[in-house]
Each structure stands twice: as structure tokens, then as C-alpha cells.
Amino acid sequence: MSAAATYQLMTQELLFDLENNAKEWLALSLSISSAERVSFGNVHDRFFARYGPNFMAHVYRTAIEQVLPNLPGDARSQVLDAFQQAMDEAIQKQAYALPTPSDCSACHSRKF
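These numbers come from a predicted model, not from an experiment.

Engineer: Please explain the pattern of salt bridges as it appears in this structure.
Structural biologist: Oppositely charged side chains are able to pair whenever their charged atoms sit close together. Summed over the entire model, instances satisfying the criterion amount to one salt bridge. With a shortest N-O distance of 2.8 Å, Glu-65 and Arg-61 are connected by a salt bridge. Remark: Arg-61 and Glu-65 occur in helix 2 (residues 53–67); sequence separation between them is four residues, near one turn of the helix. The class of Glu-65 is partly exposed, set by a relative accessible area of 47%. Classification of Arg-61 by relative accessible area gives exposed; the value is 59%.

Engineer: Would you mind showing me how to read the confidence of the model for the protein here?
Structural biologist: For any part of a model where pLDDT is low, the fine detail of the predicted coordinates should not be relied upon. For the protein, the mean per-residue pLDDT works out to 79, and 80% of the residues sit at or above 70. The weakest mean pLDDT in the protein belongs to helix 4 (residues 101–108) at 71; the strongest belongs to helix 3 (residues 73–92) at 88.

Engineer: Where do I start with the packing of aromatic side chains in this structure?
Structural biologist: Per the stated rule, a full pass over the model turns up three aromatic pairs. Between the aromatic rings of Phe-47 and Tyr-51, the centroid separation amounts to 5.8 Å while the plane-to-plane angle is 25°, which identifies the pairing as stacked. In this pair, Phe-47 and Tyr-51 are both assigned in helix 1 (residues 3–51), four residues apart and thus about one turn of the helix distant. Assessed through its relative accessible area of 43%, Tyr-51 is described here as partly exposed.

Engineer: Got a minute to help me understand a nonpolar patch on the surface in this structure?
Structural biologist: On the surface, Phe-40, Val-43, Phe-47, Tyr-51, Phe-55, Val-59 and Tyr-60 cluster together into a nonpolar patch covering about 580 Å² of accessible area. Looking at the nonpolar patch, the elements that each hand over two or more residues are helix 1 and helix 2. Looking at the nonpolar patch, the element that brings in the most residues is helix 1, giving four residues.

About the thresholds
- Residues numbered from 1 in each chain as written.
- Predicted model: local features only at pLDDT ≥ 70, side-chain atom pairs only at ≥ 80, totals over all residues.
- Heavy atoms only, no water.
- Salt bridge = Lys/Arg side-chain N within 4 Å of Asp/Glu carboxyl O.
- Helix = DSSP H or I, 4+ residues; strand = E, 2+ residues; numbered from the N terminus.
- Buried < 20%, exposed > 50% of the residue type's maximum accessible area, 1.4 Å probe, protein only.
- pLDDT = per-residue confidence, 0-100.
- Phe/Tyr/Trp six-rings, centres within 6.5 Å; stacked < 30°, edge-to-face > 60°.
- Patch = residues over 30% accessible without salt bridge, like charges linked within 9 Å, V, L, I, M, F, W, Y side chains within 5 Å.
- Areas by Shrake-Rupley, 256 points an atom, 1.4 Å probe, with all protein chains shown as cover.

In C-alpha cells form, the structure reads like this:
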């Protein structure tokens, strides 16, 4: 086998390995994100049920105010866009009324 053919084979194997590694990292990232989402949901629901919506509003506002100044421009825009979208949807659904336990269960598809 010539040196060029060996190099080409090694390059193809390396690209294949890199592609597989990227897929594995993506799968790991998604599973972590999913686990974080479940964990966050559990913590959120517990605190919301115990302390109520005013407490949670204070927590969210404080968290956003602390995070935004430390984000790069693109990430900051992404967070603010998501925030604006969530506000628009909440206004449209009239989610500003205090939810009943059945509202919460319907929204989160589980009971407290």
C-alpha cells in the first residue's frame, strides 16, 4: 500500500472516529439536559407548591438578573428571546391568573 493510500485510509478512519465521538457527546449532552430538566422540574414543583408563585417569581427574576450580565451577546439574545416568547405565550393563555392545583397538574402532566 502506498503512503498516499495509507494516509487516505487513516484520514477516513479518523473522520469516522470523530463523527462517532461527536454523536456520543451529543447523546450524552441530551441525556444530561433531560436529567437536568427532570431534576429542575422536581425542585421547581416542590418549591412552587411550598412557597407559591410570588416566591418563584422572585427566584426567576433574581436568577435572570444574575445570569444576563455574564452571557455573551448571542446567548443573551437567545435568553431574552426565549423570555419574551414565554411571556407572550403566558399572556395569550391568560396564565397570569393564579393557577389552581388542577391547572398545575394539567400543565405539568403530574400531580403534586
